[in-house]
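Structure at a glance
Each chain is listed here by its residues.
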Number of protein chains: 2
Amino acid sequence: MQADQNATDAQTPDHVLSLSQALLLPRIVIEDTQPAIDGGQFAVKAIVGQSITVSTKVYADGHDKMAVVLRWHEAGSDTWHSTSMRELGNDSWEAELVIDSVGTHAYCIDAWIDQFASYRYELEKKYAAGVTIELELEEGRVHLEQAAARSQDTLARQLRQLHDELQGLDQDAKVALLLQRDTQALMSLADHRAFLCSSIEYALDVERELAQFASWYELFPRSITDDKARHGTFNDVHSRLPMIRDMNFDVLYFPPIHPIGRAHRKGPNNSLTAGPDDPGSPYAIGSAEGGHDAIHPQLGTREDFRNLVAAAAEHGLEIALDFAIQCSQDHLWLKEHPGWFSWRPDGTIRYAENPPKKYQDIVNVDFYAADAVPGLWTELRDVVWGWVEEGVKIFRVDNPHTKPLPFWQWLIADIRSKDPSVMFLAEAFTKPAMMARLGKVGYSQSYTYFTWRNTKPELTTYFTQLNQAPWAHCYRPNFFVNTPDINPFFLHDSGRAGFLIRAALATMGSGLWGMYSGFELCESAPIPGKEEYLDSEKYEIRPRDYTAPGNIIAEIAQLNRIRRQNPALQTHLGVEFFQCYNDNILYFGKRTADRSNYVLVAVNLDPRNVQEAHFELPLWELGLDDDAATNGEDLMTGHRWTWHGKTQFMRIDPGYQPFGIWRITRVQP
Amino acid sequence: MQADQNATDAQTPDHVLSLSQALLLPRIVIEDTQPAIDGGQFAVKAIVGQSITVSTKVYADGHDKMAVVLRWHEAGSDTWHSTSMRELGNDSWEAELVIDSVGTHAYCIDAWIDQFASYRYELEKKYAAGVTIELELEEGRVHLEQAAARSQDTLARQLRQLHDELQGLDQDAKVALLLQRDTQALMSLADHRAFLCSSIEYALDVERELAQFASWYELFPRSITDDKARHGTFNDVHSRLPMIRDMNFDVLYFPPIHPIGRAHRKGPNNSLTAGPDDPGSPYAIGSAEGGHDAIHPQLGTREDFRNLVAAAAEHGLEIALDFAIQCSQDHLWLKEHPGWFSWRPDGTIRYAENPPKKYQDIVNVDFYAADAVPGLWTELRDVVWGWVEEGVKIFRVDNPHTKPLPFWQWLIADIRSKDPSVMFLAEAFTKPAMMARLGKVGYSQSYTYFTWRNTKPELTTYFTQLNQAPWAHCYRPNFFVNTPDINPFFLHDSGRAGFLIRAALATMGSGLWGMYSGFELCESAPIPGKEEYLDSEKYEIRPRDYTAPGNIIAEIAQLNRIRRQNPALQTHLGVEFFQCYNDNILYFGKRTADRSNYVLVAVNLDPRNVQEAHFELPLWELGLDDDAATNGEDLMTGHRWTWHGKTQFMRIDPGYQPFGIWRITRVQP
């Protein structure tokens, strides 16, 4: 027979499937396995301890019964866990998976034909139909005999015992023995997994909860001073910690803390010449005092930094640092590693641009320069690792989309293989494909288009998209309401209500949100016509009065508290929009998969006018009739009431509070 | 440097991306390439000479300009064709592809960074902004110099000439020279395709037009007789050809034409005992007179068959044969190849079942029996090839979903590699995943759920789904209105109108449709309560009067004629549903991609009552305002009129004709 096969193969052109190749293809199809990114090319994002629903389709020719098992392990470990999958009909199977440690894991699916289950199904049907089953009973005996023969020790003995017992029984008793649960269990153990087929392994990047649920607060340490003339220090930041803790933030993020270059230093408002006392942009990294691994002397010592990290931790705050690969013209790399840069014909380096913005004080390394590989790559990895060793586990990465994707894929994997608690936030504002790809190559989370989504259709579309594949599996949005670079148009003239609107949207819309200091004081003075701050803190020291009247500190504290108390709000997933008959009111539900925590959010997007609307309570999602009564609770005020029926009415006055956040629960009988 | 890299690699655990591996990853991302099935695992279906739109996303770090090219070739050929792709924005690219021969082809996408285009973009912007561009001009000179250096012969000479010319010019002239079209063309030719990245190859299964557009007519040759007592023959079928041609059918399909077994032969109405003159089911294949490669003696000789194939061709009809792998108990294989079957403990073979149907006259080969590989596989392939050599290029395959998928993948590839005009129709009625998979492994087309889709929502959902991925790329639906096995409930009591409704839906819904003889005579007598024909032709000879009153022969002829005259109707793709305010009227458009052929179809799904509705003409799809005038033409009657505006009114009387088919065209100015 083998000869036939080879003869047939010999006639087959190379591009045509040969008989030998076809005979190696699996009988069983395993397909549409989810979650998966790009067919398994990249790891799916997951959170330690949180359930992942794995689904797949399994089928083969014929009508046999299938056994389908989900298996998973930690990358590099030989220890596999497994669980049977549930059959949902139409060839679909599902199982829940909970990973209990951070780091890379992988899952796969095994499927085989459960021949004894197929046999039992036939037997049961025929027995019930009263047709003759003599042959079927003999086949059952052969099943037991063969199973015993391929088993060992106790199992073999038990199966042989069953087999012998069967012989002496009458027909009804034989059927009962063959169909009983114990027989099934023993046959399962002895199953030889006919036609076993395994899917590829799908990687899971399991991170700690902070990767999905965290409130970020950004400040410039040098601005923590009473006097613009006195450079703030790490030690000064200690005084801010209680207030930031009381606003219920989790992450305290600093722009670069490294020595700042002198050459081409920017003056106030991005002017091209700096005075002798102008501090310069912290993004112009590197001077004679050191580069990316050093601390700007005016901020303090390494010891001061360590103390601040420790003090922040005592306030429940983790420090996030900025990883901005660019250099000032004074960076030592220009002299020590000229081969890492791209030099122009006149011996200069092109300064950085992110059109239309120009950064005359900054030059970029060139990842494609002749000598950049591997020295630049390992140097940057070592920079990051150095800060990890200082206790920093969160990095906000500046403009990652202008650096090679394989570089990030390697650096993030390398760092996280040594410390899987480390997380990277991508500060990419670019086209959607690249935004998603950065998540795929390893970024834990990303900046977003949120700042430019203001209307009801814009927000509905954006929130919905982030809940769908591929975004839901690869991209965690961190909704920053402002940054030192982004002073959103919407806030320029919408007043305190405008800030509350954006704070409510960010805190309720995603598990991850962030604000840059000044937002709580409703600062919004722009460079006229631009989305930039006047007197930008990037170029000057800006002391602030954090108790200034009109601030929204109490509201931010309460919004963050509500988030901590409601699991539904600890992710951007689980959003659904419901009917609300007013185009100025965005109304949506955030709910856990089991609906045990269900929060309704209504935001009046119009900061100037009272808006009213009839709206629908999603009673059907709670398994209730349209006329059911439900408990409502205002999570901002604690007020409670009973709703009767599905259609309700709201009135939102932005002069008071431009949003409502209500928890809905079933009335307990 | 190499040493560093190895040192770094050595520390990397196996499951973590190493530096060496990362450095091999491409800079440029090519993703979301369409059409593709399961990431390129299977061939996408295409029709010779018909345009395929290929789309992809291409991007990389940074802001460089990309060059993106679509390449394709015939499988096994070294000759590649290529075309530039169009940039659509947001990293999307698109191109049209037309393959001009049947058989397997493949396409892929190449992308690289067009460094000179990036340079020109910069130069143009800076020149326009009036900033100093001395360095840019020098960089331009270097571009020309390097391009000349890496080129040969004429191209090198021309580039060197440009380079030298540049030197003597003033600034404006230099810019003009660097930006001129000729320079761009030469630089394109000299492009060294920096960071070239190629996608995988995506296979295309290119078939002849009949794979997508064909009307099938099924008959039992033995019933072409005036007298139930006289077995019809191939020679008798000649008399039917003109009438089938006049109904504008393309394919004439016969159930199995092989010798019929005697053992357990079925009698009329599937009874378990046959009389001596009962012809038996043609699906009980094989007797002492031969098996799958033989002709049932009562039908005629091999010569008769050849004559019929030739005569059919003269009438524009292609013969399709049934490939039904099952055997009667008299099939020679049982004796010659007992190892191809699965024997029960008592030495019998289990008869075939397709629950709830029982086929006591039929046994199945067992593809998983010990001796089935490769003998059974090659024997079956040889059976098919034998009929191909007789001029049969179309096979309807019985129950393919109960045979191994790899078997089909191999058999179809094997046959089509020798004759790519051969096509296979899958008679699978099973769950959706398997239906799609059969298309993926090579079936040209498939039976469908059409027969069980009757209401407006059912039909809308089904037609729409077939137009979407993955179905649109892997599955061509052949809408059979009835088969010898399916006498649809809807037809039992809906009368002539019911038959016209289903004929209109099938002919207008898909490029492929089929009917089994008797449909045109509105035959519908069922076995009470079952979707089966009373006195089924599978078990007895059924002469018919094809001129019986009340037939719908004229309507079928006209429906098929309309299909031939309107390209939009020659595929199931290109359907769109529009507003029609009556749940009993299905109203949709079928249109070519360029909208040059635009057909509107309205079917009154209620065979008993007149239905009326306001409906919308899709003027927006024709680029017209809501108040525009359009030409309407009734394709059944030839009547013409002018529609004014978007909203129109229809009244459909099933007693007259339960559907309307209208071509809409713009009024020429």
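On a predicted model such as this, the values are computed, not experimentally measured, just so you know.

Quick look at the sheet that holds strand β17 (residues 423-427) of chain A now. Residue and element names in this part refer to chain A. The strand order across the open sheet built from 8 strands is β18-β17-β16-β13-β12-β11-β20-β19, with neighbouring strands paired in parallel fashion. Every interior strand has two partners, whereas the edge strands, β18 (445-446) and β19 (478-480), have only one. Of the pairings in the sheet, the one linking strand β11 (residues 214-218) to strand β12 (residues 251-254) comprises 3 bridges and is parallel in character. Bridged to Trp-216 within β12 is Val-251. Where helix α12 (residues 375-389) meets the sheet, its contacts fall on β13 (318-323), β16 (394-398) and β17, and the angle it forms with β13 comes to roughly 165 degrees.

Taken together, the contact between chain B and chain A spans 67 residues of the former and 67 residues of the latter. Considering only the surface of chain B that becomes buried against chain A, Asp-61, Leu-135 and Tyr-368 of chain B emerge as the three largest contributors, covering 10% of it. There are 14 salt bridges connecting chain B and chain A. Ionic pairing is found between Glu-139 of chain A and Arg-350 of chain B, a salt bridge with its closest N-O pair at 3.2 Å. Applying the counting criterion to the chain B and chain A interface returns 18 residue pairs in polar contact (both at pLDDT 80 or more). With 7 residues, the single largest contributor to the side of chain B that touches chain A is helix α13 (residues 405-418) of chain B. Here the residues of the side of chain B that touches chain A are counted per class, giving 28 nonpolar, 16 polar and 23 charged.

Here the focus is the pattern of salt bridges. Residue and element names in this part refer to chain A. In total, this model carries 96 salt bridges over all chains according to the counting rule given. Where Asp-419 meets Lys-393, a salt bridge forms, and the shortest distance between an N and an O atom there is 3.1 Å. Remark: Lys-393 occurs in the loop between α12 and β16 and Asp-419 occurs in the loop between α13 (405-418) and β17; sequence separation between them is 26 residues. Among the residues examined, Lys-393 registers a relative accessible area of 22% and is labelled partly exposed. Measuring nitrogen to oxygen at the nearest pair gives 2.7 Å for the salt bridge that ties Arg-396 to Asp-398. In this structure Arg-396 comes out as buried when scored by relative accessible area, which is 4%. For Asp-398, a relative accessible area of 8% corresponds to the buried category.

On to the environment of Ile-412 of chain B. Residues and elements named next belong to chain B. Within the secondary structure, Ile-412 sits in helix α13. Each C-alpha atom of the pair Ile-412 and Glu-390 lies 17 Å from the other, and the pair is 22 residues apart in sequence. Beyond its immediate chain neighbours, meaning those up to four positions away, Ile-412 contacts Phe-424, Val-441, Gly-442 and Tyr-443.

A separate point is the packing of helix α3 (residues 115-129) of chain B against helix α4 (residues 134-149) of chain B. All names here are of chain B. Running from N to C, α3 and α4 cross one another at 155 degrees; their axes reach a closest spacing of 11 Å. The orientation of α3 relative to α4 falls into the category roughly antiparallel. The crossing of α3 and α4 is left-handed. Only Glu-136, Leu-137, Glu-139, Gly-140 and His-143 of α4 make contact with α3, whose side of the interface consists of Gln-115, Phe-116, Tyr-119, Leu-123 and Lys-126. Here the contact of α3 with α4 is built from residues that sort into 4 nonpolar, 3 polar and 3 charged.

This part is about the side chain of Thr-56 of chain A. All names here are of chain A. Relative to the assigned elements, Thr-56 resides in strand β3 (residues 52-59). A relative accessible area of 2% means that Thr-56 is categorised as buried. A polar contact of 3.3 Å, which involves the side chain of Thr-56, links it to the backbone oxygen of Glu-31.

Here the focus is the UniProt feature "binding site: alpha-maltose 1-phosphate" (unreviewed entry) in chain A. Residues and elements named next belong to chain A. In the numbering used here, UniProt assigns the "binding site: alpha-maltose 1-phosphate" (unreviewed entry) feature to Lys-266, Gln-326, Asp-361, Asn-399, Lys-538 and Tyr-539. Relative to the helices and strands, Lys-266 is located in the loop between β12 and α10 (302-314). For Lys-266, a relative accessible area of 1% corresponds to the buried category. When neighbours within four sequence positions are excluded, Lys-266 is seen to be in contact with Ser-271, Leu-272, Ala-274, Asp-278, Gly-280, Lys-358, Tyr-359, Gln-360, Asp-361 and Tyr-539. Relative to the helices and strands, Tyr-539 resides in the loop between β20 (512-516) and α19 (553-565). Among all residues touching Tyr-539, those that are not within four sequence positions of it are Arg-222, Lys-266, Gly-267, Pro-268, Asn-269, Asn-270, Pro-279, Gly-280 and Ser-281. Looking at Tyr-539, its side chain comes within polar contact range of the side chain of Asn-270, at 3.2 Å.

What counts as what
- Residues numbered from 1 in each chain as written.
- Chains lettered and ligands numbered in written order.
- Predicted model: local features only at pLDDT ≥ 70, side-chain atom pairs only at ≥ 80, totals over all residues.
- Heavy atoms only, no water.
- Pairing = 2+ DSSP bridges.
- Helix = DSSP H or I, 4+ residues; strand = E, 2+ residues; numbered from the N terminus.
- Contact = heavy atoms within 4.5 Å.
- Axes fitted to C-alpha atoms, helices over the stretch in contact; angles between N-to-C directions.
- Buried area = accessible area lost by both parts, 1.4 Å probe.
- Salt bridge = Lys/Arg side-chain N within 4 Å of Asp/Glu carboxyl O.
- Polar contact = N/O pair within 3.5 Å; in protein donor to acceptor, adjacent residues only side chain to side chain.
- Nonpolar A, V, L, I, M, F, W, Y, C, P; charged D, E, K, R; others polar.
- Buried < 20%, exposed > 50% of the residue type's maximum accessible area, 1.4 Å probe, protein only.
- Parallel < 35°, antiparallel > 145°, perpendicular 65-115°, else oblique.
- Left-handed = near helix turned anticlockwise from the far one by under 90°.
- UniProt positions renumbered as here; feature names shortened; annotations may be inferred.

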